[in-house]
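Close look at the chain arrangement
Residues per chain, in single letters:
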There are 2 protein chains.
Amino acid sequence: MPGIFWIVPVICLVTVLFIIYLARYVLAKDTGTPKMKEVGDMIFEGAWAFLNRQYRTIAMLAVITAVVVGVVVGLLSGDTTPGNVGQFGIMWRTGVAFLAGAIASGISGFAGMYIAVKSNVRCAAAAQRSWREAIDVAMRGGAVSGFLITTLSLIGVTAIFFAFGGADTPEIAPHLIVGFGFGASFVALFAQLGGGIYTKAADMGADLVGKVEAGIPEDDARNAAVIADLVGDNVGDCAGRGADLFESTAAENIGAMILGATVYAITQDVAWIIFPLVVRAFGLVASMIGLLIVKAKEEEDPMAALNRGYWVSIILSAVGMVITVSIMLGNAWLAAAGLVGIGASVAILYITQYYTDTKYKPVKDLAQASRTGSATNIVGGIGIGFETAFPTTAVIGIALLVAYAFGKASGVEGAGAFGTAVATMGMLMTCPYVLAMDTFGPITDNANGINEMAGAGPQVRKITDRLDAVGNTTKALTKGYALVSAGLAAFLLFQAYMDQVSFLRGTPFEAINLARPEVFVGGLIAVMLVFLFSAWAIQAVGAAAQKIIEEVRRQFRENPKIMTWEAKPDYARAVDITARAGLRGMIKPGVLPVIVPLALGVGFNLIPEYDAAQAVGAMLMVGTIGGIMMAAFMNNAGGAWDNAKKYIEDGQLKDDKGVVQGKRTFAHAAAVVGDTVGDPLKDTAGPSLHVLIKLLSTITLVLVPLFI
Amino acid sequence: MPGIFWIVPVICLVTVLFIIYLARYVLAKDTGTPKMKEVGDMIFEGAWAFLNRQYRTIAMLAVITAVVVGVVVGLLSGDTTPGNVGQFGIMWRTGVAFLAGAIASGISGFAGMYIAVKSNVRCAAAAQRSWREAIDVAMRGGAVSGFLITTLSLIGVTAIFFAFGGADTPEIAPHLIVGFGFGASFVALFAQLGGGIYTKAADMGADLVGKVEAGIPEDDARNAAVIADLVGDNVGDCAGRGADLFESTAAENIGAMILGATVYAITQDVAWIIFPLVVRAFGLVASMIGLLIVKAKEEEDPMAALNRGYWVSIILSAVGMVITVSIMLGNAWLAAAGLVGIGASVAILYITQYYTDTKYKPVKDLAQASRTGSATNIVGGIGIGFETAFPTTAVIGIALLVAYAFGKASGVEGAGAFGTAVATMGMLMTCPYVLAMDTFGPITDNANGINEMAGAGPQVRKITDRLDAVGNTTKALTKGYALVSAGLAAFLLFQAYMDQVSFLRGTPFEAINLARPEVFVGGLIAVMLVFLFSAWAIQAVGAAAQKIIEEVRRQFRENPKIMTWEAKPDYARAVDITARAGLRGMIKPGVLPVIVPLALGVGFNLIPEYDAAQAVGAMLMVGTIGGIMMAAFMNNAGGAWDNAKKYIEDGQLKDDKGVVQGKRTFAHAAAVVGDTVGDPLKDTAGPSLHVLIKLLSTITLVLVPLFI
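Chain A goes by K(+)-insensitive pyrophosphate-energized proton pump in an unreviewed UniProt entry, where it is assigned to Dehalogenimonas etheniformans. In its Sequence similarities (unreviewed entry) section, the UniProt entry covering chain A states "Belongs to the H(+)-translocating pyrophosphatase (TC 3.A.10) family. K(+)-insensitive subfamily." Its UniProt record gives chain A the following Subunit (unreviewed entry) comment, quoted word for word: "Homodimer."

**Here's the deal with the overall build of chain A**
Scanning chain A from N- to C-terminus turns up 20 helices and 0 strands. Over its C-alpha atoms chain A spans a radius of gyration of 24 Å, differing by no more than 12% from the 27 Å that the globule rule assigns to 708 residues. Judged by the C-alpha coordinates and their principal axes, chain A covers about 75 × 50 × 50 Å. The buried share among the 708 residues of chain A stands at 70%. By sequence separation, contacts in chain A at least 24 residues apart represent 85% of the contacts at least 6 residues apart. For chain A, the accessible surface area stands at approximately 20500 Å², while carbon and sulfur atoms represent 62% of it. Positive and negative charge centroids in chain A, built from 50 and 54 side chains respectively, lie 5 Å apart.

**Some points on the side chain of B:Thr358**
Here B:Thr358 is to be found in the loop between helix H10 (332-356) and helix H11 (361-369). Apart from the residues within four sequence positions on either side, B:Thr358 is in contact with B:Val363, B:Lys364, B:Asn643, B:Tyr647 and B:Gln652.

**So, the relation of the copies chain B and chain A**
Between the two copies of the chain lies a relationship made up of a rotation around an axis and a movement along it. Overlaying chain B with chain A gives an RMSD of 0.0 Å, the required rotation being 180° about an axis along which the chain moves by 0.0 Å. Such a combination of rotation and displacement between the chain copies is what one expects of a two-fold axis. For chain B, the smallest separation between a C-alpha atom and the rotation axis is recorded for B:Asn513, amounting to 2.4 Å. Of the interface residues in chain B, 100% have counterparts in chain A that sit at the interface too, so the contact is made through matching surfaces.

**Notes on the UniProt feature "site: Determinant of potassium independence" (unreviewed entry) in chain A**
Residue and element names in this part refer to chain A. Mapped onto the present numbering, the UniProt feature "site: Determinant of potassium independence" (unreviewed entry) falls on Lys475. Position of Lys475 relative to the elements: it lies in helix H16 (residues 458-505). Judged by its relative accessible area of 8%, Lys475 falls in the buried class. When neighbours within four sequence positions are excluded, Lys475 is seen to be in contact with Asp237, Asp438, Gly441, Pro442 and Asp445.

**As for the pattern of salt bridges**
Residue and element names in this part refer to chain A. Considering all chains together, one arrives at 63 salt bridges over all chains under this definition. Two residues, Arg580 and Asp576, come together in a salt bridge whose shortest N-O distance is 3.2 Å. Pair noted here: Arg580 and Asp576 are both in helix H18 (residues 571-605), with a separation of 4 residues, about one helical turn. On the accessibility criterion, Asp576 (25% relative accessible area) is partly exposed. Salt bridges here are not isolated pairs; linked through shared partners, they connect Lys200, Asp203, Lys479, Asp642, Lys646, Asp679, Lys682 and Asp683.

**A short note on unusual backbone geometry**
Although it is not a glycine, A:Gln268 adopts a positive phi angle of roughly 60°. Here A:Gln268 lies in the loop between helix H7 (226-267) and helix H8 (271-293).

**Examining the packing of aromatic side chains**
The final tally for this structure, using the stated rule, is 55 aromatic pairs over all chains. Here B:Phe5 and B:Trp6 contribute two aromatic rings whose centre-to-centre distance is 5.6 Å and whose plane-to-plane angle is 75°, an arrangement assigned as edge-to-face. Ring geometry for B:Phe182 against B:Phe186: centres 6.3 Å apart, planes inclined by 85°, an arrangement best described as edge-to-face. Residue B:Phe182 and its partner B:Phe186 are located together in helix H6 (residues 178-214), separated by 4 residues, close to a single helical turn. Just as B:Phe182 is buried, B:Phe186 falls in that class too. In this structure an aromatic cluster arises from ring pairing among A:Phe44, A:Trp48, A:Tyr55, A:Phe110 and A:Tyr114. The ring of A:Phe44 carries the charged tip of A:Lys118 above its face, separated from the ring centre by 4.1 Å.

**Considering the nonpolar core**
If you look at the biggest cluster of nonpolar residues, it comprises 559 residues, and the most contacted ones within it are A:Tyr497 and B:Tyr497. Beyond its immediate sequence surroundings of up to four residues, A:Tyr497 is in contact with A:Phe509, A:Ala613, A:Val616, A:Gly617, A:Leu620, A:Thr700, A:Leu701, A:Val704 and A:Phe707.

**Side note on the packing of helix H7 (residues 226-267) of chain B against helix H14 (residues 415-428) of chain B**
Residue and element names in this part refer to chain B. Relative to each other, H7 and H14 sit at 150°, their axes nearing to 10 Å. It follows that H7 is roughly antiparallel to H14 by the angle criterion. At the point where H7 passes H14, the crossing takes the left-handed sense. Each of Leu245, Ser248, Thr249, Glu252, Ala256, Leu259, Gly260 and Val263 in H7 lies in contact with H14, whose residues at this interface are Ala417, Phe418, Ala421, Thr424, Met425 and Leu428.

**Observations regarding the interface of chain B and chain A**
Frequently, the measure chosen for interface size is the accessible area removed from exposure when the parts meet. Each partner contributes to the interface: chain B provides 68 residues, whereas chain A provides 68 residues. Buried surface at the junction of chain B and chain A, summed over both partners, amounts to about 5800 Å²; 83% is from carbon and sulfur atoms. Looking only at chain B, the three residues that lose the most surface to chain A are B:Phe386, B:Phe520 and B:Phe531, adding up to 12% of its buried area. Counting the contacts that link chain B with chain A gives 0 salt bridges. Those elements that provide at least two residues to the side of chain B that touches chain A are H6, helix H12 (374-387), helix H13 (389-409), helix H16 (458-505), helix H17 (517-558), helix H19 (612-649) and helix H20 (666-703) of chain B. Broken down by element, the side of chain B that touches chain A gets its largest block of residues, 18 residues, from H17(B).

**Considerations on the packing of helix H6 (residues 178-214) of chain A against helix H17 (residues 517-558) of chain A**
Residue and element names in this part refer to chain A. Two elements in contact, H6 and H17, have axes whose closest approach is 7 Å; the angle formed by their N-to-C orientations is 45°. The angle between H6 and H17 falls in the class oblique. Both H6 and H17 take part in a crossing whose hand is right-handed. Side by side, H6 and H17 meet where Leu189, Leu193, Ile197, Lys200, Ala201, Ala202, Met204, Gly205, Leu208, Val209, Glu213 and Ala214 of the first sit next to Phe533, Ala537, Ala540, Val541, Ala544, Ala545, Ile548, Ile549, Val552, Arg553 and Phe556 of the second. The residue makeup of the contact of H6 with H17, split by class, is 19 nonpolar, 1 polar and 3 charged.

**Brief notes about helix H11 (residues 361-369) of chain A**
Residue and element names in this part refer to chain A. Turning to H11, its buried residues number three or more, namely Pro362, Val363, Leu366, Ala367 and Ala369. An end-on view of H11 places all buried positions within 160° of arc, on one side of the element. Where H11 is buried, its residues meet helix H10 (332-356), helix H12 (374-387) and helix H19 (612-649).

Calculation rules
Residues numbered from 1 in each chain as written. Chains lettered and ligands numbered in written order. Predicted model: local features only at pLDDT ≥ 70, side-chain atom pairs only at ≥ 80, totals over all residues. Heavy atoms only, no water. UniProt positions renumbered as here; feature names shortened; annotations may be inferred. Helix = DSSP H or I, 4+ residues; strand = E, 2+ residues; numbered from the N terminus. Rg over C-alpha atoms; globule rule 2.2 N^0.38 Å. Buried < 20%, exposed > 50% of the residue type's maximum accessible area, 1.4 Å probe, protein only. Contact = heavy atoms within 4.5 Å. Areas by Shrake-Rupley, 256 points an atom, 1.4 Å probe, with all protein chains shown as cover. Lys, Arg positive; Asp, Glu negative; His and termini not counted. Charge placed at Lys NZ, Arg CZ, Asp CG, Glu CD. Least-squares fit on C-alpha atoms with pLDDT ≥ 70 in both. Salt bridge = Lys/Arg side-chain N within 4 Å of Asp/Glu carboxyl O. Phe/Tyr/Trp six-rings, centres within 6.5 Å; stacked < 30°, edge-to-face > 60°. Lys NZ or Arg CZ within 6 Å of the ring centre and 35° of its normal. Core = buried A, V, L, I, M, F, W, Y, C linked by side-chain atoms within 4.5 Å. Axes fitted to C-alpha atoms, helices over the stretch in contact; angles between N-to-C directions. Parallel < 35°, antiparallel > 145°, perpendicular 65-115°, else oblique. Left-handed = near helix turned anticlockwise from the far one by under 90°. Buried area = accessible area lost by both parts, 1.4 Å probe. Nonpolar A, V, L, I, M, F, W, Y, C, P; charged D, E, K, R; others polar. Arc of directions from axis to C-beta.

What follows is the structure in structure tokens.
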């Protein structure tokens, strides 16, 4: 190994210590008033119970899948296996790598959420003392999750790489570890779907019965579903998005290593293969420093503090990228490709902000449109969502073309694709920091809910209310980031897929010919998959919300004392019902994207004149394109609806005569409908599509032996 | 020419006589009471004025485009022009063919709508006498439009084929007439967009001010926008869909002839080239007989009568297909491919019916979802719409694969693609009949509106009310049909594109390689185009509706006597404002799909290592896939919302205690929101996407010399 490689274990160790430091910092904080602690404990218990049940189901599905995929891939592998490990060698390695990916994803989800759920009540308590302390707790609590996920991904990929012979046969090992990525995306899909269905079913259910039917405020303690709603923010936003980005980083590392192996075959320089691991390590350092720099000033806009830290991470990442490329690859063009990726990550954050922030035209117009009712609000939001396909595409398209051109300009054989790989690495360098900002969202949202339920004073409420609003913004931004990185990672994995087919076929596989009918149909099915998956995810939320509505109605009806504050509702039962509905709902949409590529590849392989590998390749690429657009639509329309409502609630909307149209006006009611419609789109179907995109890549990469 | 060819001019002549007969039949009917006549005249004037202005704008754009495209294509054509007509020969032929297509499309739109707008008041009047007569007038009025469009398309393609040397060099002429298809789709796009924006802006505007703000019923004469609303049904549904299907049939004929020319190069049998024209002629006969069979019985469900006629057309089409293939191509496999297309057209009608009819589960569930408010109604409709991507894809995918396989099995060189061409011809054989059913929609809708405004008696109202409901169903079904035929036509045109590139390059062009970055980006841009186009179309409706709302509000405010029936509102002004807004709104989305392929192709052509022809090919295919899904979503979600509202209005929704939840309940209000949201999706953006799909094909076919 080149000397610089040793930086990877060293930085991993430092990061683990850093995570422990952050966790201890947060856990040492007090849990506030007994009321706060009580609410916090209920949320913790609900979240923990759901995660336990969810991961038990996922574990069962994962073990079955590991065995089935391992056996099938092993049996169908021909005589030419990577590194001549033989059919049995492929079999157990695929299964083990899959399980390792699944377990690592599970651990990062669990541990990250543990700290997040412990942070919320401490953030609520800190708000009693100071603005700055509340931000610190929320940001550091979120950082535990962000750093843990990224570090575990790096440790996992590195470990399995060496376990499967990376030291001796570095050009073979990347081909053997693809199961790790599939395992990670498999878990991520169910984690995101289950969490997403849970959170939005609880949210819709609580709002529809509480606000609409009973006429009580949001987060009111009389609503039986209120705890389920707060739990949902953790299991959906925190655990779900964590699994999503764990998978992005793992899959990106593996994909880049496979492309590196192709360059290695020519240059015989192992640096090309381990380069992604080193870059990721530098990203961790950049994010760590960025985070330590965040020092919010009293009364300062919290977003400004987060932005400062973000820019420090970005600049340090750029420096780290240039240094790593110079030392390891010695090629300025590839460094430039890396900077393109970093630039893309900044661009998408600003674009997302433009479309979803109350400061800009789209959300202001949408608030205006609410004045003529729900219909114009909904139509306006759909328009905004569709429109965002354009800038999202522009960022991805330009980044890919430019990075590819830089890769080609580098003069290294086959490095066009490697250029896009370096760009993807650049994009994902700041992943720990972005994830910390993301988890800031559910923590502050919960802190605000706890303060509402615990009846905290107005000064304290004001702080958590403000932080909650910032959290909404950071959550929306992270979705844009996660989407574009999923798109880039999928393109990278597609290149890796081409390499994998070539490698296993022993002849260059260079064309996916859209003019062949099976290839066109592969593309057609891919976009259909995106639509059907979205439909099922949304319908699962609707079905689950219906169950919650019935339960809350039942409690109000059977126990009239709840409304008069004389009795407490049965929160636990509502949490339990939501959990069951979430778990049941995730199965159908979750299994779909696993079955379809398998059926398509195996099916076309049965007909001799069709080339199944091409059809599957088209499914990958066209599915990625369709998934990106659809997710952009859902995430951004949802974000715009959410903030149009906030804009009105903040009293910023005025009618023609200048009269403020705030809460409880006709316009507000219309905006609430839009917000509710956007919820399952932006928090269930949209983020699940990020994972779907990557799952399509990793599953086909693993299943290559079945259809070559 | 083979003897059977002469059937084409003969049938065209017979059809023209048939159209004259139908038109005279309808025009000979009386126009009812003076009140009815007055309203009918206002609608006629509004529609006529709009169409005049719209087509003046379109004509201007078309002439500019004809000149620019002709000159550019001519200049950039190399030495190898089809038939050695030279650069100037290409130049004027492209321009002339474009204008011929544009003019033929314009004439069919004008003449068809003229009769439709004359039929509505006659249908209203006929309802005073009998059920059966009203159906007859509506169906025959619609048939004028349907037959005229299809016949003009057939005459136009045949005439230009022979004008450009089809008799002497039949293998060259198809390559020269591609401009005809482009001209037709160019006009269709603006016709559909302008009409679609007009109709839904008027509808939304009228409803939001009338029903929501002023609390007066739909089609109430006090609403200044009510005439604009009735005009809209004609210019959107009637003229728009007519232009859409004119284009489908023209483009399908040309595409199939190009593929036939490839087979001709091997077999030297001209039957392969003129076969599409003969099949179309047989389709006209089948539809004519089907229409003459439609004899509604008194009090019978009008849909049953329409269905009888439809099945007669379908069976006769199948017979005609088998006969034509036997005589001209002598190959049973290709006849089977044709039957696959006919089967696909039946399948999509039943699928559309399942998702949008009140008799089936999806709409019933959607009505149930309305009980918890607008948000659940909207989310439910989005779910249904997304889900319909699956059956739509299944129909298209299976039809393509099976027809392609049959084509291959025929043993004719290169006839795999020709198999899909025959299937597309089979699908479009019943086009005149389906179009007649479609135009039945706006005629009966208008007849009902006229009766409402003219204060007709309850017995008369009952008849037109019932016919109006049937018209809603036929309109929804036609959209499914138009979409699938657009998808098949686009696939066919894609094959023709491949042939055209091969023909002009002089070497086989056989692969669109998705693994090339420019090809992937071409696909990415294509789906982006679908989303952005949809966004702009929807936003144009919103902007135009806003203008109408302001105008109606102004009239109510400045003239309080309108509300008390003492004064008439200024309908003409509202019509004028809607027309302006519609025309302004159509430009931006209309120009987009013309500019993007041009920019993409020319742009990538500038970079030597990119293959622009492949990037454009990917744009075509992936854009078609994305467009099909998006249009299926919009059309079906819109149809489901529309009918969920009707289901509630018909008193079919009950709450848990069995109490009917009809008009003016909470559930109804929620369903009205869904219906309003669905309007611009299903009547503006969705149908415009059909045209967009085909425009992408025809424009690239014409522009091939620019990027080879």
